[in-house]
Amino acid sequence: MSEPRVSIEVKHVSKRFKSRQQEMEAITDISVNVMAGEFFCVVGPSGCGKTTLLRILAGLETQTAGEIVLHWQEGGRPLTTMVFQEPSAFPWMTVQQNVEYGLKLRKVPKSERQATTRHWIKKVGLEGFEHHYPSQLSGGMKQRVAIARAFANDPEILLMDEPFANLDEQTKLIMQQELIELWEANRKTVVFITHSIDEAIVLADRVMVLTARPGRIKQIFSVDFPRPRQIAELRSHPKFAALFSQIWTLLRTEVPQKREEVL
Ligand SMILES: Nc1ncnc2c1ncn2[C@@H]1O[C@H](COP(=O)(O)OP(=O)(O)OP(=O)(O)O)[C@@H](O)[C@H]1O
């Protein structure tokens, strides 16, 4: 069997924010390879630089030191799509127009665009809501629009910044299960930021734990539950509890440092 391909190579990346009053190191010397088709989660205390790292991967922010290499078999820069914590659907566009947006930008022919849009609207359970505007949807439905738009775009790399953080617990569970199923059928390279250890464990192939700010790699855990995964079953698995406890033991040593800093 051939070796899995590296998709994202993060080499000694640091980021320092400078303002007139102060300089602040957000992340320090992060080096990690995310493999093609891997679901890679990042957890860490609030303010440790998770979003900063993701924004650097998306090309929205420039690192102060180090290098990001995105590998793609076809050469050039792979297509990268980001899903944010806040529902990011355009309020003046219908569900259908929102999902279609990236395809339109890339000038995908109309018939293919419409078929792809229909496919993803159905996949995320928004059939019947094609002509609704985001203001007519619940929070969970808006995040479904964002996820459908991201998958419809067919990116090589999907960057997700706490996409379920603002959802109620039941909707979150449903969305996690739906995301797992979509991903298991499509195997994008995903970097997924979360505050939630159990969200990371149910979704990820590996979980990277960062220290308090400036974020450094504390440890990377492999999550070897077989796929396809069923969240409800996983959570009651003894290995789930053991892994949760290992990650929490590491993270809790970081949280007090952060509190003292804030107080
Ligand atoms: N554009 C910016 N200018 C100055 N400082 C910034 C900027 N963006 C982020 N920071 C600072 O960098 C640090 C890391 O922020 P970041 O949002 O990456 O953390 P995070 O781990 O994603 O936090 P949270 O979990 O609370 O969302 C914070 O102290 C933040 O205030």
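Everything discussed here concerns the structure shown above.
Computed from a prediction, not measured in an experiment: that's the story for all the values here.

Procedures and definitions
Residues numbered from 1 in each chain as written. Predicted model: local features only at pLDDT ≥ 70, side-chain atom pairs only at ≥ 80, totals over all residues. Near = placed C-beta within 6 Å. Helix = DSSP H or I, 4+ residues; strand = E, 2+ residues; numbered from the N terminus. Nonpolar A, V, L, I, M, F, W, Y, C, P; charged D, E, K, R; others polar. Pairing = 2+ DSSP bridges. Axes fitted to C-alpha atoms, helices over the stretch in contact; angles between N-to-C directions. Core = buried A, V, L, I, M, F, W, Y, C linked by C-beta atoms within 7 Å. Buried ≥ 20, exposed ≤ 12 C-beta atoms within 10 Å, placed from the backbone. Domains from an automatic or database assignment. Contact = placed C-beta atoms within 7 Å.

Right, let's get into the site of the ligand. The environment of the ligand is formed by 13 residues, the closest being Phe17, Ser46, Lys50, Thr51 and Thr52. Mapped by element, the contributors of at least two residues to the shell around the ligand are β2 (23-35) and α1 (50-58). No other element matches α1, which puts three residues into the shell around the ligand. Partitioned by chemical class, the residues of the shell around the ligand number four nonpolar, seven polar and two charged.

Another point: the sheet that holds strand β4 (residues 65-70). Where strands meet in a sheet, backbone hydrogen bonds hold them as pairs that are either parallel or antiparallel. Read across the sheet, three strands follow the order β2-β1-β4 without closing on themselves; strand pairing throughout is antiparallel. Each edge of the open sheet is held by one strand with a lone partner, namely β2 and β4. Direction aside, the axes of adjacent strands within the sheet are offset by 15° on average. In this structure, strand β1 (residues 6-18) lies alongside β2, joined through nine bridges in antiparallel fashion. Bridge pairing in β2 places Phe17 opposite Met24.

All right, on to the nonpolar core then. Judged by nonpolar contacts, the single largest core of 58 residues is most densely connected at Ala148 and Val207. No other element matches the seven residues that helix α4 (residues 139-152) contributes to this core. The two domains that each donate at least three residues to this core are domain 1 (1-14 + 22-78 + 156-258) and domain 2 (90-154). Setting aside anything within four residues of it in sequence, one finds Val207 in contact with Cys41, Val43, Ala200, Ile201, Phe221, Val223 and Ile247.

What the six strands build is an open sheet, ordered β5-β6-β7-β3-β8-β9; its pairing is mixed. The open sheet has two edge strands, β5 (80-83) and β9 (217-222), and neither has a second partner. Within the sheet, the average angular offset between the axes of one strand and its neighbour, ignoring direction, is 15°. The pairing of β5 with strand β6 (residues 157-161) spans four bridges and is parallel. Its bridge partner lying in β6, Thr80 is registered against Ile157.

In short, the description is geometric, and any link to function would need to be established separately.
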